[in-house]
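Read off the chains here:
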Number of protein chains: 2
Amino acid sequence: LKTPKGTRDWSGQDMLLREEVFKMITDVFKKHGGTPLDTPVFELKEILAGKYGEDSKLIYDLQDQGGELCSLRYDLTVPFARWLAMNNIQAVKRYHIAKVYRRDQPAIARGRYREFHQCDFDIAGVYDPMIPDAEVLRIIVEVFEALQLGVTIKLNHRQVLDGMFAVAGVTPEKIRTISSAVDKLDKMSWEDVKKEMVEEKGLASDVADRIGEYVRHAGTISETLQLLKSREELVANEQVKRGLDDMTLLASYVEAFGIADKISFDLSLARGLDYYTGLIYEVINLPPKAEEGQASGKKS
Amino acid sequence: LKTPKGTRDWSGQDMLLREEVFKMITDVFKKHGGTPLDTPVFELKEILAGKYGEDSKLIYDLQDQGGELCSLRYDLTVPFARWLAMNNIQAVKRYHIAKVYRRDQPAIARGRYREFHQCDFDIAGVYDPMIPDAEVLRIIVEVFEALQLGVTIKLNHRQVLDGMFAVAGVTPEKIRTISSAVDKLDKMSWEDVKKEMVEEKGLASDVADRIGEYVRHAGTISETLQLLKSREELVANEQVKRGLDDMTLLASYVEAFGIADKISFDLSLARGLDYYTGLIYEVINLPPKAEEGQASGKKS
């Protein structure tokens, strides 16, 4: 007798702890004006199709039993977008804590399952630039404080990153693949990342070196901004310029929110789904031991 | 844009009300020593196979994507039994409020969906007879009181019912099908039920009449017990006798629990899955308008 691969039962102390953690997170979400949403555990297959790039192969499909073709939800973002569009909702802050499903090879030892929970807070609507981003960062800090966990939020800006690649000499069609190589800098040495860019991805060695100079910097938002603004060729790039304007605004907000010391503007952070357009970030839970907590970004 | 057939989103007031209702139910479950359990939304297909009789056709299967064959859970009872067996747990009171899935033709207007919630409280273990049954009845009354809903619990006993059919002259192989006809007495006239038994199910007319005499009675447990005990041919049947002993005990417990006035011992109640062996019941929510709330029974 067993549960399916990559799934588990929750009972006893585990379940009580889980409930307490979700309660703490929910309280923060509510404090920030979040309203709960719950969606079906499966969606029409066509709703999920084409939203997750090559990860689409990890989507669990229901069997065709003579009705609609459906799939288990892969995340809570696409169901939220479907709900917004279906109900023509222009602006809302919603939270959703629920199970999602990925037909991955689960690394149970590292806490990775096929059925696992996501805790999402999303802000939909038109606001002044960077206001929702700053609020989400503040919410993250409050959640980790409530859980009495140390936290650092690594962040970067998609426009800064893409503009920087362009300035370094990366052609538009190579930007995503080079971006994905750079994102490995937290787990691989610069030499290995450069090797991947040059030998596997066909980038000129001097272009790779220029990227290396740009991306191997991290600091507070103000520090990294200062560094970027000192490079004339970067500031001259329109895309970088837009990103820097956003980050300058964000710096003032996180300062006002008292969370500047929790944030690292890390130019090597390059993760992100295709739908991210602005801020991208990753939450690091410290101490006792650094581990990846959460990754997200702005969709527009 | 739509959700799959028989599913819905929950948001705003609906979601807040749902949370409040679940909180009230959970509080009663906890007060009675319930511990929470959460199981995966899907199980190995073989776990569910053969548990639901002809309703098995309503089970949602996941597509075979090159791994284990899985199905969405059909109820919370079988996952609970799987969890008990897997962990060799001898005794526990657990509650579980979660979504279950049935690939039925959903009657949305009557509140019937393909994805819907069940709120289960189960007592596993060996206890003195009828003690857990009485506690579950008490829990039901407390839940409906917390929700400020009027409630009547219709109940019957599987041994009384089956013994009664035997005394009336029903052969063993016809007991389940005749039982299912009798169960329709809350929606059909006695004439139509008799017609079904005689014309469709091949029962002798005089046997049907004897059944009609037995089953068309309902009252408090004490009243119905008195009636049954006055029929010598029933009391002489071993199976009926065992059921009457159970019901006599139960009468004293529900009296002590102060819930005797919420209970109707209704001899026409014949519902139930094959795994019910003792008490079977159905909860009627009154007023403003009677509707079927919940059906359950004792499994052993």
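Cut-off values and rules
- Residues numbered from 1 in each chain as written.
- Chains lettered and ligands numbered in written order.
- Predicted model: local features only at pLDDT ≥ 70, side-chain atom pairs only at ≥ 80, totals over all residues.
- Heavy atoms only, no water.
- UniProt positions renumbered as here; feature names shortened; annotations may be inferred.
- Helix = DSSP H or I, 4+ residues; strand = E, 2+ residues; numbered from the N terminus.
- Buried < 20%, exposed > 50% of the residue type's maximum accessible area, 1.4 Å probe, protein only.
- Least-squares fit on C-alpha atoms with pLDDT ≥ 70 in both.
- Contact = heavy atoms within 4.5 Å.
- Pairing = 2+ DSSP bridges.
- Phe/Tyr/Trp six-rings, centres within 6.5 Å; stacked < 30°, edge-to-face > 60°.
- Arc of directions from axis to C-beta.
- Buried area = accessible area lost by both parts, 1.4 Å probe.
- Salt bridge = Lys/Arg side-chain N within 4 Å of Asp/Glu carboxyl O.
- Polar contact = N/O pair within 3.5 Å; in protein donor to acceptor, adjacent residues only side chain to side chain.
- Nonpolar A, V, L, I, M, F, W, Y, C, P; charged D, E, K, R; others polar.

As recorded in an unreviewed UniProt entry, chain A goes by the name histidine--tRNA ligase, listed as coming from Photinus pyralis. What UniProt records for chain A under Catalytic activity (unreviewed entry) is the sentence "tRNA(His) + L-histidine + ATP = L-histidyl-tRNA(His) + AMP + diphosphate + H(+)". Looking at the Sequence similarities (unreviewed entry) heading of the UniProt record, one finds this comment for chain A: "Belongs to the class-II aminoacyl-tRNA synthetase family."

Draft legend 1. Quick look at unusual backbone geometry. Here N88 of chain A, not a glycine, exhibits a phi torsion of approximately 50°, which is positive. For N88 of chain A, the position within the fold is in the loop between α3 (77-86) and β5 (92-101). Using a relative accessible area of 58% as the deciding quantity, one classes N88 of chain A as exposed. For Q148 of chain B, which is not a glycine, the phi torsion comes out positive at approximately 55°. We classify Q148 of chain B as exposed; its relative accessible area is 73%.

Draft legend 2. Main features of the relation of the copies chain A and chain B. Overlaying chain A with chain B gives an RMSD of 0.0 Å, the required rotation being 180° about an axis along which the chain moves by 0.0 Å. Look at the turn and shift together and you get a two-fold axis relating the two. In this assembly, 100% of the residues forming the interface of chain A have copies in chain B that are likewise at the interface, indicating an isologous arrangement.

Draft legend 3. Spotlight on helix α3 (residues 77-86) of chain B. Residues and elements named next belong to chain B. For α3, the tally of buried residues reaches seven of ten residues, placing the bulk of the element in the interior. All buried positions along α3 are accounted for by T77, V78, P79, F80, R82, W83 and L84. Just past α3, the residue N88 takes up positive phi, approximately 50°.

Draft legend 4. Main features of the UniProt feature "domain: Aminoacyl-transfer RNA synthetases class-II family profile" (unreviewed entry) in chain A. The UniProt feature table records "domain: Aminoacyl-transfer RNA synthetases class-II family profile" (unreviewed entry) at residues 1-269 of chain A. Along residues 1-269 of chain A the backbone is 46% helical and 17% strand, and the end-to-end C-alpha distance reaches 43 Å.

Draft legend 5. Examining the sheet that holds strand β6 (residues 115-124) of chain A more closely. Read across the sheet, four strands follow the order β6(A)-β5(A)-β2(A)-β1(B) without closing on themselves; strand pairing throughout is mixed. Two strands in the sheet have a free side with no partner beyond their single neighbour: β6 of chain A together with β1 (10-11) of chain B. For β5 of chain A and β6 of chain A, the ladder comprises ten bridges, and the chain directions are antiparallel. Note that in β6 of chain A the partner of I97 of chain A across the bridge is C119 of chain A.

Draft legend 6. A look at the side chain of R82 of chain B. Along the chain, the position of R82 of chain B falls in helix α3. Here R82 of chain B falls in the buried class, since its relative accessible area comes to 2%.

Draft legend 7. Spotlight on the packing of aromatic side chains. Under the defined criterion, the tally for this structure stands at twelve aromatic pairs over all chains. Ring geometry for Y101 of chain A against F42 of chain B: centres 5.8 Å apart, planes inclined by 50°, an arrangement best described as tilted. Of the two residues, Y101 of chain A is situated in strand β5 and F42 of chain B in strand β3 (residues 42-44); the pairing between them involves two chains. By relative accessible area, which is 0% here, Y101 of chain A ends up buried.

Draft legend 8. Just helix α7 (residues 190-200) of chain B, in detail. Residue and element names in this part refer to chain B. Turning to α7, its buried residues number three or more, namely W190, V193, E196 and M197. Taken around the axis of α7, the buried residues stretch over an arc of 125°, which confines them to a single face. Opposite the buried face of α7, by more than 90 degrees, sit the exposed residues E191, E199 and E200. Packed against the buried residues of α7 are α6 (175-182) and α8 (205-215).

Draft legend 9. Molecular detail of the pairing of strand β9 (residues 263-266) of chain A. All names here are of chain A. The two faces of β9 match: I263 and F265 on one face and S264 and D266 on the other face are all buried. As paired elements, strand β8 (residues 218-219) and β9 share two bridges and run antiparallel to each other. Along β9, the bridge assignment pairs G219 with F265.

Draft legend 10. Highlighting the sheet that holds strand β6 (residues 115-124) of chain B. Strand order in the open sheet formed by four strands is β1(A)-β2(B)-β5(B)-β6(B), with mixed pairing between adjacent strands. The sheet terminates laterally at β1 (10-11) of chain A together with β6 of chain B, the two strands that pair on one side only. Two elements, strand β2 (residues 35-38) of chain B and strand β5 (residues 92-101) of chain B, share two bridges in a ladder whose sense is parallel. Looking across to β5 of chain B, one finds that T35 of chain B is bridged to R94 of chain B.

Draft legend 11. Structural view of the interface of chain A and chain B. With 45 residues of chain A at the contact, the number on the chain B side is 45 residues. In total, about 3,900 Å² of surface goes out of reach between chain A and chain B, with carbon and sulfur atoms giving 58% of it. Its largest share of buried area at the contact with chain B, chain A owes to L1, D38 and Q65 of chain A, together 16% of the area lost on that side. The shortest N-O distance in the salt bridge between K2 of chain B and E68 of chain A comes to 2.6 Å. Our count for the chain A to chain B interface comes out at 24 residue pairs in polar contact (both at pLDDT 80 or more). Put simply, the parts of the chain that give the side of chain A that touches chain B at least two residues each are β1, α1 (12-31), β2 (35-38), β3 (42-44), β4 (70-72), α3 and β5 of chain A. No other element matches α1 of chain A, which puts six residues into the side of chain A that touches chain B. A class-by-class count of the residues in the side of chain A that touches chain B yields 22 nonpolar, eight polar and 15 charged.

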